[in-house]
Amino acid sequence: MYYDAHCHYSLLKKKYENFKIAAVSMDYSSSINTLSISDKNILKGVAIHPWNVDKENIDNVLHLINKADFIGEIGLDFKYSKAAKDLQIKYFENFLENSQNKTVNVHGLCAWKETLDLLLKHNIKKAIIHWYSGPIDLIKDIEGAGYFITINPSVTFQEKHKKVLENAPLNIIITESDGGYEYKGKLLEPSDIILALDFISKIKEIDLRTLNTIIENNFRKAYNI
Ligand SMILES: [Zn+2]
């Protein structure tokens, strides 16, 4: 079994055998789509992505949280989001206040510190910081909070993500695909995780079997399953 802690599953029109997948959503309509999936290997997340906060009514999605397994993809993006920072922060905090102790799957591009501070401010117990490529010195704070980061297949070529992998302890790492998202002209898919695992095992000098067990344990801990 492979573990995909962050995948836009409703955008992919395929079934993936041997994958446990956390399906994230971006807005009300993808949240509804995600909730309609019935597959025991898929965990369902509802959210408004920081790119969409200026287009979506938050109450519509807050009402869906009790039907979801987790909340995500929420967070902040101070690089690509066209929405004002204060609006992004308002939506993010609103989700955190209404988290019902569910795991949150967060995006924090160019807002890593702000994202972590808000998770701590709202006393969030379970958080996964997706595709973490932020400052190395924040990694110990993420670990100290009991949070996890995901390593994306882009680690094989994205230098700052590789640096994160080199510096992060294995007990906070989970794999993800960000499947459904197109990155540098390639549609990402859960099956890309196999390549990422190979790369992680080389960097961390650990055999694949042991690595898989660690990642499974981290995934289960992060999602309370
Ligand atoms: Zn994503």
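Above this note sits the structure.
Residues numbered from 1 in each chain as written. Predicted model: local features only at pLDDT ≥ 70, side-chain atom pairs only at ≥ 80, totals over all residues. Heavy atoms only, no water.

## Details of helix α7 (residues 193–204)
At 3.6 residues per turn, the α-helix brings residues three or four places apart onto the same side. Helix length check: α7, at 12 residues, gives a terminal C-alpha distance of 16 Å against a target of 16 Å (1.5 Å per residue), a fit within 8%. Structurally, α7 contributes buried residues whose contacts are with β1 (2–7), β2 (19–23), β7 (148–151), α6 (159–167), β8 (173–175) and α8 (208–223). Once α7 finishes, Glu205 follows within two positions and takes phi at roughly 50°, a positive value. (Helix = DSSP H or I, 4+ residues; strand = E, 2+ residues; numbered from the N terminus. Expected span 1.5 Å × (residues − 1). Contact = heavy atoms within 4.5 Å.)

## Brief notes about the coordination of the zinc ion
Surrounding the zinc ion are the protein donor atoms His6 (NE2), His8 (NE2), Glu73 (OE) and Asp178 (OD), at 2.2 to 2.3 Å. Between the four donor atoms coordinating the zinc ion, the angles at the centre fall across 82 to 165°, so the site counts as irregular. (Donors = N, O, S within 2.8 Å, 3.2 Å for Na, K, Ca; no water. Tetrahedral: all angles 85-135°; square planar, octahedral: opposite > 155°, others 65-115°.)

## With respect to the pattern of salt bridges
Taken as a whole and judged by the stated rule, the model has 10 salt bridges. One salt bridge in this structure joins Asp39 and Lys15, with 2.8 Å as the shortest N-O distance. With Asp39 in the loop between α1 (28–35) and β3 (42–46) and Lys15 in the loop between β1 and β2, the pair connects residues that are 24 residues apart, well separated along the chain. Assessed through its relative accessible area of 56%, Lys15 is described here as exposed. Lys55 is the salt-bridge partner of Asp54, the closest N and O atoms lying 3.9 Å from each other. Its relative accessible area of 59% is what places Lys55 among the exposed residues. Taken together, the shared-partner salt bridges connect Lys162, Lys163 and Glu166 into one network. (Salt bridge = Lys/Arg side-chain N within 4 Å of Asp/Glu carboxyl O. Buried < 20%, exposed > 50% of the residue type's maximum accessible area, 1.4 Å probe, protein only.)

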